[in-house]
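# Coordinate analysis (summary)
In case you want the letters, here they are:
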Amino acid sequence: MSHISTRSLQKFIATQKSFSKTPPKLWPKLKNNNPLDDKGVPILKLTHPILYKLDTHNVSVKNFKQVQTQLTISGLFQHSLAFSRVVKKLCSLPNGVDYAVELFDHFEKPDAFICNTIIRCFVNLNDPLSGLDFYYEKMIGRFVWPNHYSFPIIVKVCAELGCVKEGEKVHGRIVKHGFEFDLFVRNAMIHMYFVCGRVRDAKKVFDMCCVLDVVSWNSMIDGYVKNGEVGLARWLFDEMPERDLFSWNSMISGYVGVGDMERAKELFDEMPCRDLVSWNCLIDGFARVGNVVAAIECFDRLAVRNVVSWNTVLALYVRVKKYGECLRLFDRMIAEGDVRPNEASVMSVLTACAHLTELDRGKWIHSYIKRDKNIKADVLLSTALLTMYSKCGAMELAKDVFDKMPDKNVVSWNSMIMGYGMHGDGEKALQMFMEMEKSGQMPNDATFVCLLSACTHAGMILEGWWYFDIMHRVYKIEPKIEHYGCMVDLLGRAGLLRDSEEVIKTMPMEAGPAFWGALLSACRSHSNVELGEVVAKRLIDLEPEDIGPYVLLSNIYAAEGRWDDVDKVRRSMVEKGFQKAAGSSVFQVADLGGESFQVKGSVHKRSMVYSMLSDMGTQIKMSRYSN
């Protein structure tokens, strides 16, 4: 008992000694006797120890309360300069703006600078809505008088939100506070009205003042261009008293946007000086109109290229289906090493690998993505990766990528269904669709194209009918021509020719040659002479210059031993001069959604295609007889 009492007495004495010591301070040199002005407010300078440490030392939101304590005990928390530096520091810290707003509520006399700092921070954090809320609730709510820096920030908030009604309210306050003739405010309003599509209002703001700078003119030109008024933009461009690079690039971009590359090239040649944006804009323009030669010429003339330059040409090669050139250009990009590929670069390359079924190259790209920490495998990139594996037949690798995706969109699911379907695994394709339904992902029309195509490849007639029915009945998706094409192909392959013909007749849109060609091929495969004659005549009426229907009809007659009819068809072909003239043939390929492909070339090439179809039909017929 006495031992416990002795220990307690020693603790008490130690505590009293601690209390007698001077309280610890964050900054020992800090003096509390600050000089006061005539109003009794401490005179403060940025060299004050607290402010100096605040600006020059690492301070986090977590340990900021130490600073807040020192400001409070020093009597400086309510000082305008001190608090403005506090807000500025907090807004520069991760997640610091919320704490700045919390402290704002405890500050007695906030000014426009403090409010501007917080609103600008919300804008920089891509949270303009919070900035607008702060403006209404805190700035207006506490009757803080704005300055000429306030309204450009608030107008920018309205522009980023695309909220013209709020912009008009702010415009009214601008007039009320007498800032409507301020150059910075006016330029911000011009931009805001153009972003919201209010071209006339932007023009009114532009016309109301005689003092304009190059930003005012550029805002008008850029606004006209982005709203499709290229003619008005050019008129202003010609009237400008002074132009800069932005003026020229905006005007070139306008002509590129409307596909007028002749005028874009004229302006480009007239430019007194050009930057990388100018060159990239011209390359992009030629790429948009499919002028590969001109785009590559501009690309090769560039002394210095950035990732946009490379990506524009890579995407162009993919767009014009020059997939080999895309891969060669990517090899060149890697070899030169001046620019590192980004997500857009590898997206184009993966698309090229998918179309060329370059599995090894695709695997190398996948490993490159894993090694490069700057490339983020988001939903789009992961989907491109699994699509490449699917088209190359590596479904296990595709499934592995799919399973590791934290987020999946409808395109991701469609790619997996497509991959299983195009490689003949209809069961897994349908199982994938059921998993898609369970996940809550809503299918789209492309999903059912993939499903129906999978059923076609696997010969799953009942399943095809079922999904064609629920597409409209359950998911309220109106069948498009691709869906009908899949059904015609599915039924035709199964020998249900009358059903296939009925589907064509009941289509709400006009059936083209591709549908009737697919049905005619089915008639050839299943030796249906009667229907084959009807379909062939229909196809000849639609495409009188196409040799395909004649060849298939001749083969149908030959298979039945009707040599007189074969001779009639061939004489008709001679009379139409098919042996001499080259033309085009339209046929149905039962791939992704039964797309129609048009093959233009010699009679030899078309005959080869139809001979392949005939051989396939003969093999099917022989296998049926052998059973």
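Model, not experiment: these values are computed from the prediction. (Residues numbered from 1 in each chain as written. Predicted model: local features only at pLDDT ≥ 70, side-chain atom pairs only at ≥ 80, totals over all residues. Heavy atoms only, no water.)

Positionally, D222 belongs in helix α12 (residues 214-226). D222 sits in the buried class, given a relative accessible area of 16%. Setting aside residues up to four positions removed in sequence, D222 forms contacts with F246 and S250. (Helix = DSSP H or I, 4+ residues; strand = E, 2+ residues; numbered from the N terminus. Buried < 20%, exposed > 50% of the residue type's maximum accessible area, 1.4 Å probe, protein only. Contact = heavy atoms within 4.5 Å.)

The tally for this structure, following the rule as stated, stands at 17 aromatic pairs. Seen in terms of ring centroids, F83 and F107 are 4.1 Å apart; in terms of plane orientation they differ by 5°. Their pairing is stacked. Taken as a pair, F83 in helix α4 (residues 80-91) and F107 in the loop between α5 (97-104) and α6 (112-124) lie far apart in primary sequence, 24 residues in all. Residue class for F83 comes out buried when judged on its relative accessible area of 1%. A residue is classified by how much of its surface remains accessible, and F107, at 1% relative accessible area, is buried. Considering the side-chain rings of F448 and Y475, the 5.7 Å spacing of their centres and the 55° angle between planes classify their relative orientation as tilted. Of the two residues, F448 sits in helix α26 (residues 445-458) while Y475 sits in the loop between α27 (461-473) and α28 (481-493), which places them 27 residues apart along the sequence. For F448, a relative accessible area of 0% translates into the label buried. The structure contains a cluster of three or more aromatic residues connected by ring pairs, namely F433, F448, Y467 and Y475. Here the guanidinium or amino end of R305 rests over the ring plane of F299, the centre of that ring lying 4.4 Å away. (Phe/Tyr/Trp six-rings, centres within 6.5 Å; stacked < 30°, edge-to-face > 60°. Lys NZ or Arg CZ within 6 Å of the ring centre and 35° of its normal.)

A positive phi angle is found at F143, which is not glycine, with a value near 60°. Relative to the assigned elements, F143 resides in the loop between α7 (128-140) and α8 (150-161). By relative accessible area, F143 is classed as exposed at 76%. Of note, the phi angle at T357 is positive, near 50°, even though the residue is not glycine. Mapped onto the elements of the fold, T357 is located in the loop between α20 (343-356) and α21 (359-371). Overall, T357 belongs to the partly exposed group, its relative accessible area being 48%.

On to helix α25 (residues 426-439). Given a rise of 1.5 Å per residue, 14 residues ought to cover 20 Å, and the 20 Å separating the end C-alpha atoms of α25 matches this to within 8%. Among the residues making up α25, those that are buried are G426, A429, L430, M432, F433 and M436. Each buried residue of α25 sits inside an arc of 150° when the element is viewed along its axis, so together they form one side. Summarising the geometry of α25, the exposed residues directed more than 90 degrees from the buried face are E427 and K438. Buried residues along α25 sit in contact with α23 (395-404), α24 (410-422), α26 and α27. (Expected span 1.5 Å × (residues − 1). Arc of directions from axis to C-beta.)

Another point: the side chain of S345. Topologically, S345 is positioned in helix α20. When its relative accessible area of 0% is taken as the criterion, S345 is described as buried. In this view, S345 contacts V307, N311, L314 and M333; residues no more than four positions away in its chain are not counted.

So, about the UniProt feature "repeat: PPR" (unreviewed entry) in the protein chain. Per the UniProt entry, the sites bearing "repeat: PPR" (unreviewed entry) are residues 213-247, 275-309, 409-443 and 546-580 in this numbering. The distance separating the terminal C-alpha atoms of residues 409-443 is 10 Å; by composition the span is 77% helix and 0% strand. (UniProt positions renumbered as here; feature names shortened; annotations may be inferred.)

In this structure, I118, F433, F448 and Y467 are the most contacted members of the largest nonpolar core, which totals 153 residues. Discounting residues that sit within four places of it in the chain, Y467 has contacts with L430, F433, F448, L451, L452 and C455. (Core = buried A, V, L, I, M, F, W, Y, C linked by side-chain atoms within 4.5 Å.)

Right, let's talk about the packing of α25 against α26 for a bit. At their nearest, the axes of α25 and α26 sit 8 Å apart, and the two run at 155° to each other. As the angle between them shows, α25 and α26 are arranged roughly antiparallel. The hand of the α25/α26 crossing is left-handed. Packed against α25, whose contacting residues are G426, A429, L430, F433 and M436, the element α26 presents T447, F448, L451, A454, C455 and A458 at the interface. Each residue belonging to the contact of α25 with α26 can be placed in one class, and the counts come to 9 nonpolar, 2 polar and no charged. (Axes fitted to C-alpha atoms, helices over the stretch in contact; angles between N-to-C directions. Parallel < 35°, antiparallel > 145°, perpendicular 65-115°, else oblique. Left-handed = near helix turned anticlockwise from the far one by under 90°. Nonpolar A, V, L, I, M, F, W, Y, C, P; charged D, E, K, R; others polar.)

Moving on, we get to the packing of α8 against helix α10 (residues 183-195). It is the contact of α8 with α10, at a shortest axis distance of 9 Å, that shows an interaxial angle of 5°. The orientation of α8 with respect to α10, classified from their angle, is roughly parallel. Contact residues: α8 offers F151, P152, V155, C158 and A159, while α10 offers F184, V185, A188, M189, H191, M192 and V195. Tallied by class, residues from the contact of α8 with α10 come to 11 nonpolar, 1 polar and no charged.

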